[in-house]
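Commentary on secondary and tertiary structure
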Protein chains: 2
Amino acid sequence: MTDPPDRRPGGRTARVRAQVLDAVRAELAEGGHEGLTVEGVATRAGVHRTTVYRRWRDVGGLLADLISAAGEIDWQPPDTGSLRGDLTALNEEILESLTVRPSFAVALMAASFHSEQAARAQTRLWEDRYAQCEVVVARAAGRGELPPGDTDARGLLIAATAPLYHASVLMRADPDPRLPARAAAAAVLAAAAGAFSAGGGTA
Amino acid sequence: MTDPPDRRPGGRTARVRAQVLDAVRAELAEGGHEGLTVEGVATRAGVHRTTVYRRWRDVGGLLADLISAAGEIDWQPPDTGSLRGDLTALNEEILESLTVRPSFAVALMAASFHSEQAARAQTRLWEDRYAQCEVVVARAAGRGELPPGDTDARGLLIAATAPLYHASVLMRADPDPRLPARAAAAAVLAAAAGAFSAGGGTA
């Protein structure tokens with residue numbers, strides 16, 4: 001098989017990866033991660049099975065790379081001018097990602113219960129996203145929206161966002177369009193009362 | 001096969017169920033839910049395979065019944081005398097259930113991504129447990145710990161507990177022994193500031 005010269009950034013390697021990951025997304029959308037096989041992905045992507053085995057090894061490797069690719073997207077946290085606005089907008093993005101059908105976010109969480117490799121990639125992605133969101137808390141502190149002193153930015157961000165995942169992913173509740181604003185508001189009120197300040201909230 | 005007369009409450013049917021569910025727990029502990037088979041459970045329980053197929057049909061049926069059995073335990077929410085104390089104690093129970101190895105709670109959550117029947121049983125169990133916990137909020141209101149007027153008890157309970165599940169189950173973080181008290185304190189501060197009061201928190 002002879003490939004024509006490839007002028008796209010990254011060349012053939014990047015192109016094959018894009019084809020394979022597109023195929024993983026399409027297979028996930030059709031059959032969830034339980035229907036995912038290296039053979040099915042290779043066929044859909046139009047690449048040799050051995051190429052997929054060599055580079056991704058197994059379904060866990062494909063899922064882990066799909067999660068890594070999600071982390072490579074140039075995502076930025078919202079910047080609305082207020083902590084409550086930023087957290088509400090963030091929660092609305094999260095609710096959308098969890099309720100769109102098919103939801104890759106939910107498929108990847110499900111997969112990460114079954115593949116150590118996917119689980120590690122998922123943990124790295126969460127870590128990266130929460131680290132990126134810490135600027136939301138720093139900006140709020142700069143605007144004087146938080147009590148003086150250090151704030152546990154991660155604790156505040158998890159308090160604001162965890163109810164969304166809990167309701168949609170674990171409890172499988174019908175999506176509540178008011179939950180993004182409510183969970184954000186509760187976290188902001190707790191933060192204003194010192195729940196995430198150094199020494200605060202646990203006294 | 002002739003069974004001797006059974007004098008235990010519920011008789012043979014209850015005994016077979018107890019044997020089978022014990023076997024499901026043991027198989028889950030050894031191999032997670034992915035290694036679970038009707039044959040393996042029947043062999044370990046010492047009952048005929050056809051008995052298991054007739055009564056539970058498949059692995060999803062076994063998992064759903066195991067979750068139902070968890071709901072039959074005579075569980076009561078903590079009653080420590082303060083909202084913060086109750087929510088902290090509740091969170092400590094949750095953290096323990098999520099971090100003990102093997103964790104049936106985590107195995108059942110993982111399984112519920114793969115069996116509709118297990119997922120429905122899991123949703124019912126969450127619903128029951130949160131409904132049972134509403135008394136914690138009612139007692140706090142009775143003690144004057146919450147703003148006057150109606151409180152969204154479910155919203156408050158989810159705000160208090162969701163960070164535990166988020167950190168342990170979804171982010172797979174190392175268990176943080178301070179998180180039960182911190183998440184409880186944050187929810188109590190938000191509640192005191194009106195986050196879960198009628199019309200509060202979203203203005």
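Residues numbered from 1 in each chain as written. Chains lettered and ligands numbered in written order. Predicted model: local features only at pLDDT ≥ 70, side-chain atom pairs only at ≥ 80, totals over all residues. Heavy atoms only, no water.

Overlaying chain B on chain A yields an RMSD of 0.0 Å, the required transformation being a rotation through 180° with an accompanying axial translation of 0.0 Å. Within this description, the copies of the chain are treated as partners about a two-fold rotation axis. Considering only C-alpha atoms, the residue of chain B closest to the rotation axis is Ala190(B), which sits at 2.2 Å. Interface residue correspondence from chain B to chain A reaches 100%, placing this contact among same-surface, isologous pairings. (Least-squares fit on C-alpha atoms with pLDDT ≥ 70 in both. Contact = heavy atoms within 4.5 Å.)

Membership of the largest hydrophobic core comes to 82 residues, with the highest contact counts inside it found for Leu87(A), Leu156(A), Tyr165(A), Leu87(B), Leu156(B) and Tyr165(B). In contact with Leu156(A), other than residues within four places in its own chain, are Leu83(A), Leu87(A), Val137(A), Leu146(A), Thr151(A), Ala187(A), Ala191(A) and Phe196(A). (Core = buried A, V, L, I, M, F, W, Y, C linked by side-chain atoms within 4.5 Å. Buried < 20%, exposed > 50% of the residue type's maximum accessible area, 1.4 Å probe, protein only.)

Here we come to the domain arrangement of chain A. Residue and element names in this part refer to chain A. Segmenting chain A into domains produces domain 1 (11–57) and domain 2 (75–192). The distance between the C-alpha centroids of domain 1 and domain 2 comes to 30 Å. At the junction of the two partners, domain 1 supplies four residues and domain 2 supplies seven residues. Around 460 Å² of area is buried between domain 1 and domain 2 when both sides are counted, 80% of it from carbon and sulfur atoms. Considering only the side of domain 1, the residues that lose the most area to domain 2 are Leu28, Ala29 and His33, jointly responsible for 77% of the buried surface there. Along the contact surface separating domain 1 from domain 2 lie zero salt bridges. The residue makeup of the side of domain 1 that touches domain 2, split by class, is two nonpolar, one polar and one charged. (Domains from an automatic or database assignment. Buried area = accessible area lost by both parts, 1.4 Å probe. Salt bridge = Lys/Arg side-chain N within 4 Å of Asp/Glu carboxyl O. Nonpolar A, V, L, I, M, F, W, Y, C, P; charged D, E, K, R; others polar.)

To continue, consider the UniProt feature "domain: HTH tetR-type" (unreviewed entry) in chain A. Those residues carrying the UniProt feature "domain: HTH tetR-type" (unreviewed entry) are residues 14–74 of chain A in this numbering. For residues 14–74 of chain A, the end-to-end C-alpha separation is 17 Å, with 79% helix and 0% strand making up the annotated structure. (UniProt positions renumbered as here; feature names shortened; annotations may be inferred. Helix = DSSP H or I, 4+ residues; strand = E, 2+ residues; numbered from the N terminus.)

Before going further, it helps to spend a moment on the packing of helix α7 (residues 116–142) of chain A against helix α8 (residues 153–170) of chain A. All names here are of chain A. Running from N to C, α7 and α8 point in directions that differ by 115°, and their axes come no closer than 9 Å. Seen along the crossing, α7 lies across α8 with a hand that is right-handed. Between α7, through Trp126, Glu127, Tyr130, Ala131, Cys133, Glu134 and Val137, and α8, the contact on the second element is made entirely by Ala153, Arg154, Leu156, Leu157, Ile158, Thr161 and Tyr165. Here the residues of the contact of α7 with α8 are counted per class, giving ten nonpolar, one polar and three charged. (Axes fitted to C-alpha atoms, helices over the stretch in contact; angles between N-to-C directions. Left-handed = near helix turned anticlockwise from the far one by under 90°.)

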